[in-house]
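Take a look at the letters that make up each chain.
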Protein chains: 2
Amino acid sequence: MDVHVRDLRYFVAVAEELSFTRAASRLFIAQPSLSKQIRQLETLLRVTLFDRDHRSVALTAAGAALLPQARLIIQQWEAAQCEISHVVTAGRMTVTVGFHTRIGRGLTAGVTARMATLLPGWKLLFRQVSWSDPTVGLASGDVDVAIAWLPMPDNREFSWRVVATEERWVALPVGHRLAAQEVVPLDELADEPFIALPRTAGQLREFWLGNDQRPAPARVVAEAETAEESLEAVGSGLGLVLLSSGNAEIYQRDDIVCRPVAGLTPSELAVVWRARDERPALRVVIDACARCLCDQPGAMTPAG
Amino acid sequence: MDVHVRDLRYFVAVAEELSFTRAASRLFIAQPSLSKQIRQLETLLRVTLFDRDHRSVALTAAGAALLPQARLIIQQWEAAQCEISHVVTAGRMTVTVGFHTRIGRGLTAGVTARMATLLPGWKLLFRQVSWSDPTVGLASGDVDVAIAWLPMPDNREFSWRVVATEERWVALPVGHRLAAQEVVPLDELADEPFIALPRTAGQLREFWLGNDQRPAPARVVAEAETAEESLEAVGSGLGLVLLSSGNAEIYQRDDIVCRPVAGLTPSELAVVWRARDERPALRVVIDACARCLCDQPGAMTPAG
DNA sequence: GACATCCATAGTCGCAGGCTATAGCCGCAT
DNA sequence: ATGCGGCTATAGCCTGCGACTATGGATGTC
């Protein structure tokens, strides 16, 4: 007589999209699977949740009643996971910092030093997280503080401080026709093949394809889970990728050339944490990260 | 990355019992299944929830953190189910009254009449619920008001009013040696075979075996889901059952004789509802039920 | 009228989640 | 000391869930 929280998540997705097809693609499952699961949920509750015909899907009264409750349960479950990892890290006196791409910029040494004086006995752990998790491990509780490129998924769960603003550059295989130019105009990239972040990365994927500024979406020829993977693909001539000017420096390779792209807004690097996570140890780490990385300091609250 | 609410229920059971074996039997599953599920939950959360050795089971810090959260989620899920059935019954303008055994006592007519004047347009639905659900359908939301014999499961979820107090009698097959006596002393039933309610009925099962007053538990030879089933079993000579004096009258059969039992406290019939269910329509029905049934009125709040 | 879109159905496959039987550890009683 | 009882863990088995692909049928659009 009990649900799987996953099924509630499915339900919420359908309720939000009011389309099985769209919801399924958002959830990265096939549409028939989703239909089946929703039907099963309806059987469990002995209630019709959606009025569906061939053209439209609408919430019933029962569905409307379930929706806020389902959201609450999902949120409660995520809170429980965080609570547990808090307890665990508190027991270990450890703060975990997550990142998608190498950070460099002297962060590790700087934060470690600051921690040694302000939080004696505590340890710092750095963990690389796949791009397929756009929250850099914050949502699952694996990570307490993330160094992440904006945009973040824009619900109210996260707070951040922008700590650096860097141009978006493009990485090209050596010998690429565009490598001859000092600066590459965005138009020139229109027909080039690109390596993308995984679909689950959401907005971040679009941003690092430059789709926020292009007239037409980039042509995607492959997906990569990490910076290392994507640069490997660039090196082998599979396609191009965008990256921040700072990362262009950090990830220097013999088989790759990086060039500024004219016509793209810069990228913002931020220190991100869970808005409701108010542990003092965390504040120390956030502050230390910001001090180490800041060249253009500025505080932000969750995006709108 | 999501849980099944069932697994949280399993976790809570183990945390409360601090024993896999006892928790498993409380959950009506095999112990290895439970061990496996808990281990799987631990894998999902990447945390040890219990410190177990061959003699003892104890919550870890992480487990202690999860426990209240898990209870909350389970409770929220149950609330969601109730919410839905409220919406559905409100849409239908229907109140469902659940019962384990025939009620008789003029309830149906009385309540229907009262409803017609106080809640025009509303309908009353009576539904028999199997003994295997000791909450008479209240927990699942199938039922809004229950006419039930005490004791109810003693959490704080339910409120009730006792509406009748009746002696406990015993039902014997005609020709049984004890049928000759006008009153049967409890001692005489010590070695008799008994038909029991299902194990899931909990305390109610014990009560209707008379185990609350016996020096040694009754000998159970069979289980029955409903009164009809159990009296069928008595009629065929399989064993005996206890029943209230009122039900002895309602369920008269040619092949059965009912006799008062000396040495048993009386049984209490109550009108029960979900403590947090404050719909006005419900109050009308509760009140109508109480008025129809009451011979010894008295109000109670949840048991302690 | 052909096509695109969208939900439902059918059939397939792997694993989850239940079961029984049994092993292994420990404490207690004989 | 030895054996028994109580507990959890492991192994092996079976069923059904929850994914997938392919396809069907209804309904607007060009």
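Note that the structure is a prediction, hence the values are computed from the model and not measured.

Participant: Requested: an account of the overall build of chain A, with residues and values cited.
Facilitator: A tally of regular secondary structure across chain A gives nine helices and 14 strands. Dimensions of chain A, computed from C-alpha atoms along their principal axes, come out at roughly 65 × 55 × 30 Å. The buried share of chain A, reckoned over its 304 residues, is 50%. If you take every contact in chain A between residues at least 6 apart in sequence, the share linking residues at least 24 apart comes to 75%. Total accessible area computed for chain A in this model is approximately 13,800 Å², and 53% of it derives from carbon and sulfur atoms.

Participant: Describe the protein's contact with DNA strand D, listing the residues and the values that go with them.
Facilitator: Neighbouring DNA strand D are 24 residues; Ala-30, Ser-33 and Gln-40 of chain A together with Phe-20 and Thr-21 of chain B lie closest to it. Looking at DNA strand D alone, sugar and phosphate atoms form 65% of those within 4 Å of the protein. Here Arg-6 of chain A contributes a side-chain N or O atom positioned 3.3 Å from a phosphate oxygen of DNA strand D. At 2.5 Å from a phosphate oxygen of DNA strand D is found a side-chain nitrogen or oxygen belonging to Gln-40 of chain A. Sorting the residues of the surface near DNA strand D by element identifies helix 1 (5-17) and helix 3 (31-45) of chain A together with helix 2 (20-27) and helix 3 (31-45) of chain B as the ones contributing at least two each. When the residues that make up the surface near DNA strand D are grouped by side-chain class, the tally is eight nonpolar, nine polar and seven charged.

Participant: Tell me what's going on with the UniProt feature "domain: HTH lysR-type" (unreviewed entry) in chain A, and back it up with residues and numbers.
Facilitator: Within this numbering scheme, the UniProt entry marks residues 1-60 of chain A as carrying the feature "domain: HTH lysR-type" (unreviewed entry). Secondary structure within residues 1-60 of chain A divides into 60% helix and 10% strand; the distance between the first and last C-alpha atoms comes to 21 Å.

Participant: Mind laying out the packing of helix 1 (residues 5-17) of chain B against helix 2 of chain B, listing which residues take part and the relevant values?
Facilitator: Residues and elements named next belong to chain B. Helix 2 packs onto helix 1 with a crossing angle of 130 degrees between their chain directions and a minimal axis gap of 8 Å. Considered as vectors, helix 1 and helix 2 are oriented oblique to each other. Seen along the crossing, helix 1 lies across helix 2 with a hand that is right-handed. On the side of helix 1, the interface is formed by Tyr-10, Ala-13, Val-14, Glu-16 and Glu-17, while helix 2 contributes Phe-20, Arg-22, Ala-23, Arg-26 and Leu-27. For the contact of helix 1 with helix 2, the residue count by class is six nonpolar, no polar and four charged.

Participant: Now, about the relation of the copies chain A and chain B: what can you tell me, with residues and values included?
Facilitator: Of the transformation superimposing chain A on chain B, the axial component is 0.0 Å and the angular component is 180 degrees, with the fit at an RMSD of 0.1 Å. In the structure described here, the two chain copies are related by an operation that fits a two-fold rotation axis. Identified as the residue of chain A closest to the rotation axis by C-alpha distance is His-4 of chain A, at 2.0 Å.

Participant: For the sheet that holds strand 8 (residues 184-185) of chain B, give the residues involved together with the corresponding values.
Facilitator: All names here are of chain B. Taken together, four strands build an open sheet; the order of strands is 8-12-7-11 and the sheet is mixed. Each edge of the open sheet carries a strand with a single partner, namely strand 8 and strand 11 (241-244). By the bridge criterion, five bridges tie strand 7 (residues 168-173) to strand 12 (residues 256-262) in an arrangement that is antiparallel. Each residue of the ladder has a partner; that of Pro-173, found in strand 12, is Ile-256.

Participant: Could you give me a rundown of the interface of chain A and chain B, with the residues and numbers involved?
Facilitator: Contact with chain A, which involves 29 residues of that partner, is made by 29 residues of chain B. At the boundary of chain A with chain B, total buried surface from both sides reaches about 2,700 Å², with 68% on carbon and sulfur atoms. By the criterion of area lost to chain B, the three top residues of chain A are Asp-2, Trp-77 and Ile-84 of chain A, representing 25% of everything that side buries. Asp-2 of chain B serves as the salt-bridge partner of Arg-9 of chain A, at 2.3 Å between the closest nitrogen and oxygen. Across the contact surface, chain A and chain B share 12 residue pairs in polar contact (both at pLDDT 80 or more).

Participant: For the packing of aromatic side chains, give the residues involved together with the corresponding values.
Facilitator: Applying the stated criterion across every chain, the model contains eight aromatic pairs over all chains. Geometrically, the ring pair formed by Phe-11 of chain A and Phe-50 of chain A is tilted, given 5.5 Å between the ring centres and 45 degrees between the ring planes. With Phe-11 of chain A in helix 1 and Phe-50 of chain A in strand 1 (residues 50-52), this residue pair connects regions lying 39 residues apart in the sequence. Overall, the relative accessible area of 0% leaves Phe-11 of chain A in the buried class. Taking the centre distance of 5.2 Å and the plane angle of 90 degrees together, the rings of Phe-207 of chain A and Trp-208 of chain A count as edge-to-face. You'll find Phe-207 of chain A and Trp-208 of chain A in the same group, each marked buried. The structure contains a cluster of three or more aromatic residues connected by ring pairs, namely Phe-11, Phe-20 and Phe-50 of chain A. The positively charged end of Arg-168 of chain A is found above the aromatic ring belonging to Phe-207 of chain A, 3.7 Å away from the centroid. Of note, Arg-214 of chain B hangs over the ring of Phe-194 of chain B, and the distance from its end group to the ring centre comes to 4.7 Å.

Participant: I'd like a description of the pattern of salt bridges, backed by residues and values.
Facilitator: Residues and elements named next belong to chain B. Scanning all chains against the criterion turns up 46 salt bridges over all chains. Note that Arg-6 and Asp-7 form a salt bridge whose closest N and O atoms lie 3.4 Å from each other. Taking the relative accessible area as the measure of exposure, Asp-7 reaches 7% and is therefore buried. Residue Glu-16 is joined to Arg-71 by a salt bridge in which the shortest nitrogen-to-oxygen separation is 3.2 Å. Of the two residues, Glu-16 sits in helix 1 while Arg-71 sits in helix 4 (residues 61-92), which places them 55 residues apart along the sequence. Since its relative accessible area comes to 40%, Glu-16 is described here as partly exposed. Taking the relative accessible area as the measure of exposure, Arg-71 reaches 37% and is therefore partly exposed.

Participant: Residue-level account of the protein's contact with DNA strand C, with values.
Facilitator: Around DNA strand C, 23 residues are found, and the nearest of them are Thr-21 and Arg-39 of chain A together with Ala-30, Ser-33 and Gln-40 of chain B. Protein-adjacent atoms of DNA strand C, using a 4 Å cutoff, are sugar or phosphate at a proportion of 64%. The side chain of Arg-39 of chain A places a nitrogen or oxygen atom 2.8 Å from a phosphate oxygen of DNA strand C. Counting residues per element, the ones that place at least two in the surface near DNA strand C are helix 2 (20-27) and helix 3 of chain A together with helix 1 and helix 3 of chain B.

Participant: So what about unusual backbone geometry? Which residues, and what values?
Facilitator: Most peptide bonds are trans, and most residues other than glycine sit at a negative phi. The omega angle of the peptide bond from Leu-150 of chain A to Pro-151 of chain A is 5 degrees, so this bond is cis rather than trans. Topologically, Pro-151 of chain A is positioned in the loop between strand 5 (145-149) and strand 6 (158-166). Of note in this structure, Arg-46 of chain A is not a glycine but carries a positive phi near 50 degrees. On the secondary structure map, Arg-46 of chain A appears in the loop between helix 3 and strand 1. Using a relative accessible area of 57% as the deciding quantity, one classes Arg-46 of chain A as exposed. Unlike most non-glycine residues, Val-136 of chain B shows phi in positive territory, near 50 degrees. Position of Val-136 of chain B relative to the elements: it lies in the loop between strand 4 (123-128) and strand 5 (145-149).

Calculation notes
Residues numbered from 1 in each chain as written. Chains lettered and ligands numbered in written order. Predicted model: local features only at pLDDT ≥ 70, side-chain atom pairs only at ≥ 80, totals over all residues. Heavy atoms only, no water. Helix = DSSP H or I, 4+ residues; strand = E, 2+ residues; numbered from the N terminus. Buried < 20%, exposed > 50% of the residue type's maximum accessible area, 1.4 Å probe, protein only. Contact = heavy atoms within 4.5 Å. Areas by Shrake-Rupley, 256 points an atom, 1.4 Å probe, with all protein chains shown as cover. Near = heavy atom within 4 Å. Polar contact = N/O pair within 3.5 Å; in protein donor to acceptor, adjacent residues only side chain to side chain. Nonpolar A, V, L, I, M, F, W, Y, C, P; charged D, E, K, R; others polar. UniProt positions renumbered as here; feature names shortened; annotations may be inferred. Axes fitted to C-alpha atoms, helices over the stretch in contact; angles between N-to-C directions. Parallel < 35°, antiparallel > 145°, perpendicular 65-115°, else oblique. Left-handed = near helix turned anticlockwise from the far one by under 90°. Least-squares fit on C-alpha atoms with pLDDT ≥ 70 in both. Pairing = 2+ DSSP bridges. Buried area = accessible area lost by both parts, 1.4 Å probe. Salt bridge = Lys/Arg side-chain N within 4 Å of Asp/Glu carboxyl O. Phe/Tyr/Trp six-rings, centres within 6.5 Å; stacked < 30°, edge-to-face > 60°. Lys NZ or Arg CZ within 6 Å of the ring centre and 35° of its normal.

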